[in-house]
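What follows is each chain in one-letter form.
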Amino acid sequence: MARQPAKSTASDPATAAAPADKPVRAPRRRAAPKPAAVAVEPPAETALPRRKVPRVHLPTLEAGSTHLRKVILNIGFVLAVLIFIPVLASQFLRDQVLIEPISVPDAILERGLTPEVVASRLWDGLRDANAAARTSKATVSAIPDSQRVQFSVPEVGLSMDSIVRQTRQFFNIYQTRISGEFVCADVACVPADMRLRLRVLRGSSDVIDMPPIGNQSLREYFTAAAIQVLSVLDPFVAVSAISGTEPVRATALARRLIRQHHPDAKWAYNLIGNLRSVAKDYRPALAEYRAAVALDPNFIIARANVAITLSRLGDPVAARAEYDAIGKVEPSNPNVLEGYAELAAAAGKPDEAIADLQKAFAVDPNSPHYLARMGEIEASRGNEEVANGYFIRALQIDPAYPLALQPLFTEALSTGDVVKAEALVGAAADYEPTSAEVQGLHGAALTFLDRHAEALAAFDRALAITPDNPDILYQSANMLQALDRQADAVVRLNRAIELDPYKAAPIFSRGTSLALTGNNAAARADFQRVLELDTSGTNYHDMAVNFIDILDGLDTATAKPATDVPAEPAVPKLTSPDGPRMGVPL
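Notes on the structure follow. It should be emphasised that the depicted structure is a prediction, and the values quoted were computed from it without experimental measurement. (Residues numbered from 1 in each chain as written. Predicted model: local features only at pLDDT ≥ 70, side-chain atom pairs only at ≥ 80, totals over all residues. Heavy atoms only, no water.)

1. A look at the overall build of the protein chain
Here is step 1: Scanning the protein chain from terminus to terminus reveals 25 helices and five strands.
Here is step 2: Burial analysis of the protein chain (586 residues in total) assigns 38% to the buried set.
Here is step 3: Long-range contacts, defined as pairs at least 24 residues apart, comprise 54% of the intrachain contacts of the protein chain with a sequence gap of at least 6.
Here is step 4: A total of about 34200 Å² of accessible surface is found on the protein chain, and carbon and sulfur atoms cover 57% of it. (Helix = DSSP H or I, 4+ residues; strand = E, 2+ residues; numbered from the N terminus. Buried < 20%, exposed > 50% of the residue type's maximum accessible area, 1.4 Å probe, protein only. Contact = heavy atoms within 4.5 Å. Areas by Shrake-Rupley, 256 points an atom, 1.4 Å probe, with all protein chains shown as cover.)

2. Section: helix H20 (residues 452–465)
Here is step 1: In this model, H20 (14 residues) spans 20 Å end to end at C-alpha, consistent with the 20 Å of a helix rising 1.5 Å per residue.
Here is step 2: Listing the buried residues of H20 in full gives Ala455, Leu456, Ala458, Phe459, Ala462 and Leu463. Take H20 and look down its axis: the buried residues cluster within an arc of 160 degrees, on one side only. Across from the buried face of H20, at angles greater than 90 degrees, the exposed residues are Ala453 and Ala464.
Here is step 3: Contacts from the buried residues of H20 go to helix H19 (436–448), helix H21 (470–482) and helix H22 (486–499). (Expected span 1.5 Å × (residues − 1). Arc of directions from axis to C-beta.)

3. A look at the state of the cysteines
Here is step 1: Tallying each qualifying case throughout the model produces one disulfide.
Here is step 2: The disulfide partner of Cys184 is Cys189, and the S-S distance across this bridge is 1.8 Å. In this structure, the disulfide formed by Cys184 and Cys189 twists by about -45 degrees around the S-S bond and is classed as left-handed.
Here is step 3: Judged by its relative accessible area of 29%, Cys184 falls in the partly exposed class.
Here is step 4: Relative accessible area serves as the criterion here: at 9%, Cys189 is assigned to the buried category. (Disulfide = S-S within 2.5 Å.)

4. Topic: a nonpolar patch on the surface
Here is step 1: On the surface, a nonpolar cluster with roughly 740 Å² of combined accessible area is contributed by Val71, Ile75, Phe77, Val78, Leu79, Val81, Leu82 and Ile83.
Here is step 2: As for its placement among the helices and strands, Ile75 is situated in helix H2 (residues 61–93).
Here is step 3: Residue class for Ile75 comes out partly exposed when judged on its relative accessible area of 47%. (Patch = residues over 30% accessible without salt bridge, like charges linked within 9 Å, V, L, I, M, F, W, Y side chains within 5 Å. Salt bridge = Lys/Arg side-chain N within 4 Å of Asp/Glu carboxyl O.)

5. Comments concerning the packing of aromatic side chains
Here is step 1: For the structure shown, the criterion picks out eight aromatic pairs.
Here is step 2: Their ring planes at 80 degrees and their centres at 6.1 Å tell us that Tyr221 and Phe222 sit as a pair that is edge-to-face. Of the two residues examined, Tyr221 and Phe222, each falls in the buried class.
Here is step 3: Plain terms: the ring middles of Phe527 and Phe547 are 4.9 Å apart, the flat faces sit at 20 degrees to each other, and that makes the pair stacked. (Phe/Tyr/Trp six-rings, centres within 6.5 Å; stacked < 30°, edge-to-face > 60°.)

6. Comments concerning the side chain of Gln439
Here is step 1: Topologically, Gln439 is positioned in helix H19.
Here is step 2: In this structure Gln439 comes out as buried when scored by relative accessible area, which is 1%.
Here is step 3: Apart from the residues lying within four places of it in its own chain, the contact partners of Gln439 are Ala429, Glu432, Pro433, Ala458, Arg461 and Ala462.

7. Details of unusual backbone geometry
Here is step 1: Here Arg134, not a glycine, exhibits a phi torsion of approximately 50 degrees, which is positive.
Here is step 2: Tracing the backbone through its elements, the reader meets Arg134 in the loop between helix H4 (115–133) and strand E2 (141–144).
Here is step 3: Despite not being glycine, Lys280 shows a phi value in the positive range, around 60 degrees.

8. A word on the pattern of salt bridges
Here is step 1: Here the structure, examined in full by the defined rule, presents 25 salt bridges.
Here is step 2: The residue Lys137 makes a salt bridge to Asp234 at a minimum N-O spacing of 3.0 Å. With Lys137 in the loop between H4 and E2 and Asp234 in the loop between helix H6 (218–233) and helix H7 (235–242), this pair connects stretches of sequence that are 97 residues apart.
Here is step 3: Ionic pairing is found between Arg197 and Asp209, a salt bridge with its closest N-O pair at 2.8 Å. Taken as a pair, Arg197 in strand E4 (residues 195–201) and Asp209 in strand E5 (residues 205–212) lie far apart in primary sequence, 12 residues in all.
Here is step 4: Owing to a relative accessible area of 24%, Arg197 belongs among the partly exposed residues under this scheme.
Here is step 5: According to the relative accessible area criterion, Asp209 is partly exposed, its value standing at 45%.

9. A closer look at the sheet that holds E4
Here is step 1: In spatial order, the strands read E2-E1-E3-E4-E5; together these five strands make up an open sheet with mixed pairing. Single-partner strands in this sheet number two, and they are E2 and E5. Neighbouring strand axes in the sheet, compared pairwise and without regard to direction, differ in orientation by 20 degrees on average.
Here is step 2: In the sheet, E4 pairs with E5 via six bridges, with the strands oriented antiparallel. Bridged to Leu198 within E5 is Ile208.
Here is step 3: Sitting on the sheet, H4 is in contact with strand E1 (96–99), E2, strand E3 (177–183) and E4, with an inclination near 160 degrees to E2.
Here is step 4: Here H6 sits on the sheet in contact with E1, E3, E4 and E5, set at roughly 155 degrees to E5. (Pairing = 2+ DSSP bridges. Axes fitted to C-alpha atoms, helices over the stretch in contact; angles between N-to-C directions.)

10. A few points about the environment of Lys137
Here is step 1: On the basis of relative accessible area, Lys137 is assigned to the buried category, the value being 14%.
Here is step 2: Lys137 sits 127 residues away from Asp264 along the chain, and the two C-alpha atoms are 9.3 Å apart.
Here is step 3: In this structure the side chain of Lys137 is engaged in a polar contact, spanning 3.0 Å, whose partner is the side chain of Asp234. (Polar contact = N/O pair within 3.5 Å; in protein donor to acceptor, adjacent residues only side chain to side chain.)

11. Focus on the packing of H22 against helix H23 (residues 504–516)
Here is step 1: At their nearest, the axes of H22 and H23 sit 9 Å apart, and the two run at 150 degrees to each other. In terms of orientation, H22 and H23 fall into the roughly antiparallel class. Of the two possible hands of crossing, H22 and H23 adopt the one that is left-handed. Residue-level contacts link Gln486, Ala489, Val490, Leu493, Asn494, Ala496 and Ile497 of H22 to Pro506, Ile507, Ser509, Arg510, Ser513, Leu514 and Leu516 of H23. (Parallel < 35°, antiparallel > 145°, perpendicular 65-115°, else oblique. Left-handed = near helix turned anticlockwise from the far one by under 90°.)

12. Concerning the pairing of E4
Here is step 1: Side chains of E4 alternate between two faces, with Leu196, Leu198 and Val200 buried and Arg195, Arg197, Arg199 and Leu201 left unburied.
Here is step 2: Connecting the antiparallel pair E4 and E5 is a turn made up of three residues, with Gly203 showing a positive phi of about 90 degrees.

Geometric values such as these leave the question of function open.
What follows is the structure, given as structure tokens:
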């Protein structure tokens, strides 16, 4: 392999300038570069740590108010949820009866009875029926659709009622609704011939057809319709509502509830016992009360009636044992204390009886009954002044309470103080405007004062409540006769005689009015009828004989019998609560 020629030095500038005589030095080799010095950091333990000082941010007023607003809104939201959920749940579980507007024809609409007004009248009838039932049992709660308060979420329009309704329908739990209409008898659609048809909707439909209105007042008609509604929704309350006027029918319907094993069977037994007690048939009444206790040993009302009936049957030892058993369950029951008082009074211990009644009054200071009973006990032992003090205190609680009003009214009449008697019953009539008995008693007091126009107004108020009361019809007809309104008096006497055809007084009064108006033939027939009914030789009998003699001896055109009309000898009395306490029913 050929060697490469050596490089010429002439081309090297380093050697070209050197003299020729100097020897050529070999090029110096560059020393390798020293490695760069590495900076050695001091050990970590020798470095001082840097402390961070926290910044302090002072809150501004705007930031504080924003935070407070958030807290308040959150609290409000939580409270709204806590309130809304129980309210919604209570509305869902509540079985309220809704009365929808009832359709009416134009003949009724012209009289101002709109569908909403008719629904409200039915609502009033339900309340009157519950009042007539006189029971402490809880019953249905009804409200007209027009009176219901609607709740909805603002800006959304979502109704809470619609939520409840849709939820009920989803679970097949339908709200009870009452709807209906008035049905005309013919094309003329006379209001007296119209009848009410109602539908009670509870998943199923029950139809109620009422008879025509006829001569009934609208209040009486709607009360009867409400009782029919209750016979579907709450049969016991419906039965109890008619027990005062139709005791035989009420007893039969209560027996039907018992045979059907209705949940209110114990109340039905108690009601039958009350009806037996009112008839003073205490032995069968005791059996009914004990049957009610057998169904529910904790039925305090029936147990108290057992004790009362045992006392009336002359078994005070068993009655006291029953009261002792009730007192262990309800030691603060004032009726137990009253029971002890009645036992003491029957045993001839009036002081002990009054002491027990005072204890009962201390427990229930809003009841006038205990004061009135103390007055009766004091009056029975001759302390009339002390008794009147108790009666007056009772009337301060309830100015129309019969047990206190009746003795004070009777005493005022017996002493000839008719003005005081009228003031007593006038205050009672103002306090109890819906009581026909109190209004009738006020009319009788005004009659004694010869204030015939005011007495007639009082009797008219009573007739507005009970239009078919024969006694009040008769007394109001007497006032019409005194005011020389003979034709109007005959109309009311006709109704009174129709209701009680075997009573001589209204027939005699009608005869006098017919004679005064020249209808002597009809008057003679009435006087003859009085002689047939009253054969005992009373004033009516003797005066009827005199009138017949006068009519026989006078010409029909000139016959003018005397205008004196005898008044009823008996003073109207208020109904006293003679039935068992706690059980008519409470």
